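# Commentary on secondary and tertiary structure
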Amino acid sequence: MPEMLIDYYKAIEDSSAKMLEAAKLKDWDGVVRYEGACAVLIEQLRHKSQQEELLPEHRREKMRIMQRILRNDAQIRCLAEPWIAQFEHLFDGQPHMMH
């Protein structure tokens, strides 16, 4: 369980890396599962960051972590594009409902 604010960033990065590995294996259920874990951690981070600030010595580490998360996300999106296109193709010709 994360204790310090930086630990949340590390946990999110870990889930992001697991999402990327699942995407490389075309395990889309796994991607969704790790994405859910990321969403929970991000919400916890938001809550925790309202109660405390990131220590000055952790700010550089946060930047590096965020850059790695963004790189992972970009790679996941590239891997997912064919899957998304295939998924969208299933709905070609179908009437689209707006909610």
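Whatever comes next refers back to the structure up there.
Okay, so let's go over this structure. Computed from a prediction, not measured in an experiment: that's the story for all the values here.

### A look at the nonpolar core
- Ranked by size, the top nonpolar core spans 19 residues in total, and within it Tyr9, Ile12, Val31 and Leu45 carry the most contacts.
- Those elements that place two or more of their residues in this core are helix H1 (5-24), helix H2 (28-51) and helix H3 (59-89).
- Element by element, the count of residues in this core is highest for H1, at nine residues.
- Discounting residues that sit within four places of it in the chain, isoleucine 12 has contacts with Cys38, Leu41, Ile42, Leu45 and Ile69.

### Brief notes about unusual backbone geometry
- Positive phi, close to 60 degrees, is recorded for lysine 26, a residue that is not glycine.
- Assignment of secondary structure puts lysine 26 in the loop between H1 and H2.
- For lysine 26, a relative accessible area of 63% gives the class exposed.

What counts and how
Residues numbered from 1 in each chain as written. Predicted model: local features only at pLDDT ≥ 70, side-chain atom pairs only at ≥ 80, totals over all residues. Heavy atoms only, no water. Core = buried A, V, L, I, M, F, W, Y, C linked by side-chain atoms within 4.5 Å. Buried < 20%, exposed > 50% of the residue type's maximum accessible area, 1.4 Å probe, protein only. Helix = DSSP H or I, 4+ residues; strand = E, 2+ residues; numbered from the N terminus. Contact = heavy atoms within 4.5 Å.

Geometric descriptors of this kind do not, in isolation, establish any biological role.
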